[in-house]
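Structural overview for review
For reference, the chains in residue letters:
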Amino acid sequence: GTYSVTTLGTCGAPLQKNGAFSYWDTATFKALTAARWDVVIVMLGTNDAKSGGDEPIWPLLGPHEFADAYEHVLEELRDAADQEPIMFVATPIPQSDESGKWPDVDILNVEMPPIIEGIAADNDAILIDAHLADFYDVHGDVDPQFYDDSVHPNDAGYKLIASAVADAIRQQFPAPSPRPTHKPS
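First, a word on what this report is: a plain description of the structure on this page. (Residues numbered from 1 in each chain as written. Predicted model: local features only at pLDDT ≥ 70, side-chain atom pairs only at ≥ 80, totals over all residues. Heavy atoms only, no water.)

With respect to the packing of aromatic side chains
Stated formally: Ring pairs shown here join Phe, Tyr and Trp side chains whose ring centres sit within 6.5 Å, with only the six-membered ring taken for Trp; geometry is labelled stacked below 30 degrees between planes, edge-to-face above 60, and tilted in between. Comment: the charge-over-ring label is applied if NZ (Lys) or CZ (Arg) is within 6 Å of the ring centre and within 35 degrees of the ring normal.
Scanning the entire structure with this criterion turns up six aromatic pairs. Residues Tyr23 and Phe29 carry aromatic rings whose centres are separated by 5.4 Å and whose planes lie at 70 degrees to one another, so their mutual orientation is edge-to-face. Ring-pair connections join several aromatic residues into one group, and the members of that group are Tyr23, Trp24 and Phe29. Lys17 extends its terminal NZ or CZ atom over the ring of Trp24, reaching a point 4.2 Å from the ring centre.

What follows is the structure, given as C-alpha cells:
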C-alpha cells in the first residue's frame, strides 16, 4: 500500500486550551481531528515548556494538565477514527541551553520525557524517544550543532528526529521477506 504523510503542527501553539494561541483552536488541529488516520505520530511539548517571556505556559499548565491535554488529543484522534489508528508518541528533543521563553532546560530535558513515556504507556502508543544519544556530545552535554537556537532543530537535528521516527516505523512495520526469484527444480 501507499501512505500519504502530512504535517499538522502549528508553530508556537501550546496544548494549553485557555491560552491566547492554543493548538486546539488552530485549523491544523481541526484538520487533524477531521481526517481518518491509519498511523499517527504525535510530538508535542516544546511550546508547552515555555517558562519565561511574556506568556509563560509551563508554570500555568504544569505536568498533570499537560498530560491530560496530551491524552485528550489522542482520545480525539481515536474518536474520529473508524478503526483505531496506530499511534506513535515522541518526546521533544532535548534543549541545548537557556533562552528567553525557555529559561528552564530541565522542563524539556528532565520533566517532560517521563511524562510522555507514561502517556505512551497509558494509551497503548509506541514511544519514540527523541532524546537520542546523538543530540549529546562526548561530555554528556546537549550538542548545539543540531540547533538553530537552543530549542529548535536545524536540518541536522531534523535528520536525527527523522531517523528515530523511521526506526520506530520499521520496527512496527517490518519489510516483507523477498519472494524467491527462481523456481525450485
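Quick look at the environment of Pro59
For the record, the criterion: What counts as a helix is a DSSP run of H or I of at least four residues, what counts as a strand is a run of E of at least two, and both are numbered from the N terminus. Any residue under 20% of the maximum accessible area for its type is buried, any over 50% is exposed, and the rest in between are partly exposed; the area is computed with a 1.4 Å probe on protein chains only. Working rule for contacts: check all heavy atoms of both residues, and any pair within 4.5 Å makes them a contact.
Within the secondary structure, Pro59 sits in helix H2 (residues 58-80). For Pro59, a relative accessible area of 56% translates into the label exposed. With 22 residues separating them in the primary sequence, Pro59 and Ala81 have C-alpha atoms 33 Å apart. Look past the residues within four positions of Pro59 in its chain and what remains in contact with it is Lys50 and Ser51.

What about a negative patch on the surface?
Stated formally: Residues enter patches when their relative accessible area tops 30% and they take part in no salt bridge; the joining distance is 9 Å for like charges and 5 Å for the nonpolar side chains Val, Leu, Ile, Met, Phe, Trp and Tyr. Here the Shrake-Rupley method, with its probe set to 1.4 Å, supplies the accessible areas, and only the displayed protein chains count as covering residues. Criterion for a salt bridge: a side-chain nitrogen of Lys or Arg within 4 Å of a carboxyl oxygen of Asp or Glu. Think of it this way: Lys and Arg go in the positive column, Asp and Glu in the negative one, and His and the chain ends go nowhere. Note on charges: their place is set at NZ of Lys, CZ of Arg, CG of Asp or CD of Glu.
A grouping of Asp97, Glu98, Asp104, Asp106 and Glu111 is seen on the molecular surface, where their side chains present a negatively charged patch. Take Glu98: it is sitting in the loop between strand E2 (86-90) and helix H3 (105-122).

Quick word on the sheet that holds strand E3 (residues 126-128)
Strand pairs in the sheet, formed through backbone hydrogen bonds, run parallel or antiparallel to each other. Formally: A pair of strands counts as paired when DSSP detects no fewer than two bridges linking them. Only the stretch in contact is used when fitting a helix axis, every axis being a line fitted to C-alpha atoms; angles between N-to-C directions are given from 0 to 180 degrees.
With respect to topology, three strands assemble into an open sheet ordered E1-E2-E3, the strand pairing being parallel. A single partner strand is all that each edge strand has here, and the edge strands are strand E1 (39-42) and E3. Within this sheet the neighbouring strands show an average axis-to-axis angle of 20 degrees, counted without direction. With four bridges joining them, E1 and E2 adopt parallel strand pairing. Bridge pairing links Val40 to Met87 in E2.

A few points about helix H1 (residues 27-34)
Basically, it comes down to this: The arc in question is the one traced by the directions running from the helix axis out to the C-beta atoms.
Where H1 is concerned, the buried positions are Phe29, Leu32 and Thr33. Viewed along the axis of H1, the buried residues span an arc of 85 degrees, placing them on a single side of the element. Those residues of H1 that are exposed and angled more than 90 degrees off the buried face are Ala27 and Ala34. Lining the buried residues of H1 we find H2.

What to know about the environment of Thr7
Residue position: Thr7 is located in the segment before H1. Taking the relative accessible area as the measure of exposure, Thr7 reaches 70% and is therefore exposed. Separated by 35 residues in the primary sequence, Thr7 and Val42 place their C-alpha atoms 10.0 Å from one another.

Points about the environment of Val42
For Val42, the location among the structural elements is in strand E1. A relative accessible area of 7% places Val42 in the buried class. In this structure the C-alpha to C-alpha distance between Val42 and Tyr23, which are 19 residues apart in sequence, comes to 13 Å. Apart from the residues within four sequence positions on either side, Val42 is in contact with Tyr70, Leu74, Leu77, Phe88, Val89 and Ala90.

Some words on the packing of H1 against H2
Applied cut-off: Angular relationships are summarised with four words: roughly parallel below 35 degrees, roughly antiparallel beyond 145, roughly perpendicular across 65 to 115, and oblique for the angles in between. The classification used treats Ala, Val, Leu, Ile, Met, Phe, Trp, Tyr, Cys and Pro as nonpolar, Asp, Glu, Lys and Arg as charged, and all other residues, Gly among them, as polar.
Orientation of H1 relative to H2, taken along the N-to-C sense of each, is 45 degrees, at an axis distance of 8 Å. Considering their axes alone, H1 and H2 lie oblique with respect to each other. Between H1 and H2, the residues in contact are Phe29, Leu32 and Thr33 and Val73, Glu76, Leu77 and Ala80, respectively. A breakdown of the residues in the contact of H1 with H2 according to their chemical character gives five nonpolar, one polar and one charged.

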